[in-house]
Amino acid sequence: MTYEFLQNYWWFIVSLLGALLVFLLFVQGANSMARSLGWTEEGRRLVYNSTGRKWEFTFTTLVTFGGAFFASFPLFYSTSFGGAYWLWMIILFTFVLQAVSYEFQNKLGNILGPKTFQFFLTLNGILGPLLLGGAVATFFEGSNFLVAKENLVDTGAITPVISSWANASHGLDALLNPWVLVLGFAIVFLARILGILYVMNNVNDEDIRSRGSVRMIGAAVPFLVLFVAYLVHLLLKDGFAYTADGTIVMEPYKYLNNFLSMWYLLIVLLIGVVLVLLGIGKTIFLKDYNGGIWPAGIGTVLVVLCLLLCAGWNGTAYYPSTADLQSSLTIQNSCSSEFTLTTMFWVSLLVPFVLAYIIYAWRAIDAKKLDKEEIKTDHAY
């Protein structure tokens, strides 16, 4: 195992976690459409109880994603999570609101009323995917930060600062880039698509399933328009490459060249797109079909995985700096030591066992479809 292999391996692991996180945003997507899917109060509770079984998976994956980035690419962690902290604090705050809302919306003594906490769930359902999608877009569009590694050897500094944000917005300035918003809203509508598909599969209620098929069109059309627009923009734009000595340079059609050079990623990307369209199409056109979450979910993971790998592999700066081109981060200049990556590699071999447990727990939770009788129990949200 060479140092280069370990760097690419851990970028793959981080990208896979990011792809799984986007898939698990079906929780947020369903919550943002709870009033539309569940027309009555009973129907809305069915939606919230359906997503309430899975919200821990999303939150845990978000934390694991951040932890993996911290361990394998610490300079990104200190630059983005430390510099763009307003963006990440809003994301984390909405997820905390989500956790609190599930537990307290129908508790005795809730002086704010159930609708207040349901509003918080809707807020998380929109802001969570929007801001996470915007954060992913900065891997291609760049962020406004500076990196000065020489500060490490500054004997006059008590606490040397390596990376810093170039303005006072601390990450919120990314939302001024229209292409960041395009991808962010594409993720919002993708989360809604996955949320509809999951609830239709998980809830045994004919009214919700019939509404889901209709609402699917309203989520699928804007998603396809936004995603295709961003994909075309990405393939045609100049990208951030680095030379053998680590110098960052602009390369025309960089991301298109990446997919042509790594043709296997292009094939997997196209397979993922077909699977997403298959899940959407069968749900819309086949009245009794409610298994669309599986092809669409697998397709989502494949597409996001390929996009993130394209952002970091093949000599690409995965976190470009718009303030100083040479401050851009690559998997070479931002990773942990070879010893750390090697040690974590052996630990990562336990991941298949963790995934097996997650699959087992998922199947156990969903062994029985959710119905109106179950929300009358003491364990219902």
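Up top is the structure these notes are about.
In what follows, the accompanying structure is described. What you see is a predicted model; the values in this text were computed from it and never measured.

**Brief notes about the packing of aromatic side chains**
And step 1. Applying the stated rule across the entire model yields 42 aromatic pairs.
And step 2. The ring of W362 carries K54 above its face, with NZ or CZ at 4.7 Å from the centroid.

**Thoughts on the pattern of salt bridges**
And step 1. All told, the structure shown has five salt bridges when counted by the stated rule.
And step 2. A salt bridge links E41 to R44, with the shortest nitrogen-to-oxygen separation between them at 2.9 Å. With a gap of three residues between them, E41 and R44 both fall in helix α4 (residues 41-52), about one helical turn apart.
And step 3. Residue classification places E41 among the partly exposed positions, given a relative accessible area of 35%.
And step 4. The exposure class assigned to R44 is buried, which follows from its relative accessible area of 10%.
And step 5. Where K254 meets E251, a salt bridge forms, and the shortest distance between an N and an O atom there is 3.8 Å.
And step 6. Classification of K254 as buried rests on a relative accessible area of 4%.

**Looking at the environment of V63**
And step 1. Position of V63 among the secondary structure elements: in helix α5 (residues 55-72).
And step 2. For V63, a relative accessible area of 49% corresponds to the partly exposed category.
And step 3. Sequence separation between V63 and L92 is 29 residues, and the spatial gap between their C-alpha atoms is 9.6 Å.

**Description of the pairing of strand β3 (residues 239-242)**
Here is the key point about a regular strand: its side chains alternate between the two faces of the sheet.
And step 1. Of the two faces of β3, both are covered, the one formed by G239 and A241 as well as the one formed by F240 and Y242.
And step 2. Sheet analysis places β3 next to strand β4 (residues 248-251), joined by four bridges and oriented antiparallel. Residue pairing in the sheet places F240 in a bridge with M250 of β4.
And step 3. Linking β3 back to β4 in an antiparallel pair, the connection comprises five residues, with G246 at a positive phi of about 90°.

**Re the nonpolar core**
And step 1. If you look at the biggest cluster of nonpolar residues, it comprises 109 residues, and the most contacted ones within it are W11, F69, F73, F76, F139 and Y318.
And step 2. Broken down by element, this core gets its largest block of residues, 14 residues, from helix α9 (residues 178-202).
And step 3. The contacts of W11, once residues within four sequence positions are left out, are F69, F73, F139, L308, L309, G312, W313, Y318 and I331.

**Overview of the packing of helix α10 (residues 206-236) against helix α12 (residues 263-285)**
And step 1. The N-to-C vectors of α10 and α12 enclose an angle of 150°; their axes lie 9 Å apart at closest approach. With respect to the hand of their crossing, α10 and α12 are arranged in left-handed fashion. Side by side, α10 and α12 meet where S213, M216, I217, A220, F223 and L224 of the first sit next to V276, L277, I280, T283 and I284 of the second.
And step 2. Residues that form the contact of α10 with α12 fall into these classes: nine nonpolar, two polar and no charged.

**Some details on α5**
Given 3.6 residues per turn, any residue in an α-helix points the same way as the ones three and four places further on.
And step 1. With 18 residues, α5 should cover 26 Å at 1.5 Å per step; its first-to-last C-alpha distance of 26 Å lies within 8% of that length.
And step 2. For α5, every residue scored as buried is listed here: W55, F57, T58, T61, L62, F65, G66, A68, F69 and S72. For α5, the angular spread of the buried residues around the axis is 170°, confining them to a single face.

**Here's the deal with the packing of helix α8 (residues 114-141) against α9**
And step 1. Where α8 meets α9, the closest approach of the two axes is 7 Å, and the angle between their N-to-C directions is 135°. When the axes of α8 and α9 are compared, the pair comes out oblique. When you trace α8 past α9, the crossing you get is right-handed. Residues I126, P129, L130, G133, G134, V136, A137 and E141 of α8 touch α9, and the partners they reach there are W179, V180, L183, G184, F185, I187, V188, A191 and R192.
And step 2. Classifying every residue of the contact of α8 with α9 gives twelve nonpolar, three polar and two charged.

**Describing a nonpolar patch on the surface**
And step 1. A grouping of Y85, W86, M89, I90, L92 and L172 is seen on the molecular surface, where their side chains present a nonpolar patch of about 520 Å² in accessible area.
And step 2. For M89, the location among the structural elements is in helix α7 (residues 85-104).

**Structural notes on the side chain of E141**
And step 1. By secondary structure assignment, the location of E141 is in helix α8.
And step 2. Buried within the structure, E141 lacks any salt-bridge partner; K237 is the closest side chain of opposite charge, at an N-O distance of 4.3 Å.
And step 3. Among the polar contacts listed, one links the side chain of E141 to the side chain of H233, at a separation of 3.0 Å.
And step 4. With residues up to four places along the chain from it excluded, the contact list for E141 reads N177, W179, V180, Y230, H233, K237 and T322.

Each value, and the rule that gives it
Numbers given for residues are sequential positions, taken from 1 along each chain in its written order. Per-residue local features are limited, in this predicted model, to residues with pLDDT of at least 70; the limit for side-chain atom pairs, both in listing and counting, is 80 or more; totals at the level of whole chains, interfaces and linings are taken over all residues. To obtain the side-chain values, all non-hydrogen atoms of the structure were used and water was disregarded. Two rings from Phe, Tyr or Trp (for Trp, the six-membered ring) form a pair when their centres sit within 6.5 Å of each other. Planes less than 30 degrees apart are called stacked, planes more than 60 degrees apart edge-to-face, and all others tilted. Charge-over-ring placement is defined geometrically: NZ (Lys) or CZ (Arg) within 6 Å of the ring centre, and within 35 degrees of the ring normal. A side-chain nitrogen of Lys or Arg and a carboxyl oxygen of Asp or Glu constitute a salt bridge if their distance falls within 4 Å. Each helix corresponds to a stretch of at least 4 residues labelled H or I by DSSP, and each strand to a stretch of at least 2 residues labelled E; elements are numbered beginning at the N terminus. Any residue under 20% of the maximum accessible area for its type is buried, any over 50% is exposed, and the rest in between are partly exposed; the area is computed with a 1.4 Å probe on protein chains only. Any two strands are treated as partners once DSSP identifies two or more bridges connecting them. By nonpolar core is meant a set of buried Ala, Val, Leu, Ile, Met, Phe, Trp, Tyr and Cys residues that side-chain atoms within 4.5 Å join together. Contacts were defined at the residue level, with two residues in contact if any of their heavy atoms lie within 4.5 Å. Think of each axis as a best-fit line through the C-alpha atoms, taken over the contacting stretch in the case of a helix, with angles from 0 to 180 degrees between the N-to-C directions. Note: crossing handedness is left-handed where the near helix turns anticlockwise from the far helix by less than a right angle, and right-handed where it turns clockwise. Three residue categories are used. Nonpolar comprises Ala, Val, Leu, Ile, Met, Phe, Trp, Tyr, Cys and Pro, charged comprises Asp, Glu, Lys and Arg, and polar comprises the others, including Gly. The span one expects for a helix is its residue count, reduced by one, times 1.5 Å. Think of it as the arc spanned by the lines of direction from the helix axis to the C-beta atoms. Any angle between 65 and 115 degrees counts as roughly perpendicular, while under 35 counts as roughly parallel, over 145 as roughly antiparallel, and the rest as oblique. Two joining distances apply to patches: 9 Å for like charges and 5 Å for nonpolar side chains (Val, Leu, Ile, Met, Phe, Trp, Tyr), and every residue must have over 30% relative accessible area and no salt bridge. For the area figures, the Shrake-Rupley method with a 1.4 Å probe applies, and any residue is considered shielded solely by the protein chains shown. Counted charges follow a simple rule, with Lys and Arg positive, Asp and Glu negative, and His plus the chain ends left uncounted. Each polar contact in these results corresponds to two N or O atoms within 3.5 Å; when the atoms are within protein, one needs to be able to donate a hydrogen and the other to accept it, and residues that are neighboring in sequence are counted only if both atoms are side-chain atoms.

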